[in-house]
Amino acid sequence: MQLVVARIGRAHGIKGEVTVEVRTDEPELRLGPGAVLATDPAGVGPLTIETGRVHSGRLLLRFEGVKDRTGAEALRNTLLIAEIDPEELPEGEDEYYDHQLMDLDVVTVDGAEVGRITEISHLPSQDLFIVERPDGSEVMIPFVEEIVVEIDLEEQKAVVAPPPGLIDDQAEIASSREES
């Protein structure tokens, strides 16, 4: 299975380094020296990471064969794609990869259908499930243990205990916007 693990940003300096927008929870595993990554667009890659370092809170990478700013700038906006075993699990007990959570059915603790996870939004304070309801509207559910009480990968479902108003208020807001 192929997963996007980063997006190349602008060139940094004159020796071929680039900034990257990390899109993986395990950059030290996926973006380490020697890693060979497919790319989108495909014609740019594959790229092999030569070196990596953190500078002012930003990950900088240098790829084999890219020795100057011009070469680095030509890579801008390229997606870096890693080959992942679909059965691979994160090391933490209650941790999940995004691809494991996508398309899970979301139900409340009393069994009421909420919808299906269509996207996971990674925010600074917490992650959000973007859930498509059966009527086509969307609801955002914070991925915190007080609300998402169980993830059952075998049953392909996420069980939620939403506080009052979390699910109903969002549906009402969305329908009132559609009516306006």
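Quantities reported herein were computed from a predicted structural model and do not represent experimental measurements.

(A) Quick look at a negative patch on the surface. A cluster of acidic side chains, namely E93, D94, E95, E145 and E146, defines a negative patch on the protein surface. Checked against the element boundaries, E146 lands in the loop between β10 (138-142) and β11 (148-152).

(B) Fine view of the sheet that holds strand β6 (residues 79-83). Pairing within the closed barrel is antiparallel, and its six strands lie in the order β1-β2-β5-β4-β3-β6. Strand-to-strand twist in this sheet, taken as the mean axis angle between neighbours without regard to direction, amounts to 50 degrees. Here strand β2 (residues 17-22) pairs with strand β5 (residues 58-63) via four bridges, running antiparallel. In the sheet register, T19 faces β5, and the bridge partner there is L60.

(C) Region of the structure containing unusual backbone geometry. In this structure, P41 follows D40 across a cis peptide bond, with omega equal to 15 degrees. Along the chain, P41 turns up in the loop between β3 (36-40) and β4 (47-55). In this model, G45 is joined to P46 through a cis peptide bond whose omega is 0 degrees. On the secondary structure map, P46 appears in the loop between β3 and β4. Here the phi dihedral of D103 falls at roughly 70 degrees; this positive angle occurs in a residue that is not glycine.

(D) Region of interest: the sheet that holds β10. With mixed pairing, the six strands of this open sheet are ordered in space as β10-β9-β8-β7-β12-β11. The open sheet has two edge strands with one neighbour each: β10 and β11. Along the sheet, successive strands turn relative to each other by an average axial angle of 35 degrees, direction set aside. Pairing analysis gives four bridges linking strand β7 (residues 105-108) to strand β12 (residues 157-160), with the strands arranged parallel. If you follow T108 over to β12, its bridge partner there is V160.

(E) Geometry of the nonpolar core. One finds I8, L31, L61, F63 and L80 to be the most contacted residues of the largest nonpolar core, which totals 20 residues. Put simply, the parts of the chain that give this core at least two residues each are β1 (2-12), β2, β4, β5 and β6. Top contributing element to this core by residue count: β1, with four residues. For L80, the residues in contact, after removing those within four places along its chain, are L3, V4, V5, A6, I8, L31, L37, A38, T39, L47, L61 and F63. Counting residues in each nonpolar core, the second largest holds 18 residues, with L104, V139, I141 and I147 among its members.

Each value, and the rule that gives it
All chains use their own residue numbering, which begins from 1 and follows the written sequence. Selection of residues for local features in this predicted model requires a pLDDT of at least 70, selection of side-chain atom pairs for listing and counting requires 80 or more, and totals for whole chains, interfaces and linings are taken over all residues. Hydrogen atoms and water are omitted, and side-chain values are computed over all heavy atoms in the structure. Only residues above 30% relative accessible area that lack a salt bridge enter a patch, with like-charged residues linked at up to 9 Å and the nonpolar side chains Val, Leu, Ile, Met, Phe, Trp and Tyr linked at up to 5 Å. Calculation of accessible area relied on Shrake-Rupley with a 1.4 Å probe; when residues are assessed, cover is drawn exclusively from the protein chains displayed. Here a salt bridge means any side-chain nitrogen of Lys or Arg lying within 4 Å of a carboxyl oxygen belonging to Asp or Glu. Here the positive residues are Lys and Arg and the negative ones are Asp and Glu; neither His nor the chain ends is included. Think of each charge as sitting on NZ of Lys, CZ of Arg, CG of Asp or CD of Glu. Helix and strand assignments come from DSSP, with helices taken as H or I runs of at least 4 residues and strands as E runs of at least 2, each series counted from the N terminus. Two strands are counted as paired when DSSP detects at least two bridges linking them. Note on method: axes are straight lines fitted to C-alpha atoms, helices fitted across the in-contact stretch only, with angles between N-to-C directions ranging 0 to 180 degrees. Take the buried residues of types Ala, Val, Leu, Ile, Met, Phe, Trp, Tyr and Cys, join any two whose side-chain atoms come within 4.5 Å, and each joined set is a nonpolar core. Classification of residues uses two cut-offs on accessible area relative to the type maximum, computed with a 1.4 Å probe and protein chains only: under 20% is buried, over 50% is exposed, and between them is partly exposed. Note on definitions: a residue-residue contact is assigned when non-hydrogen atoms from the two residues lie within 4.5 Å.

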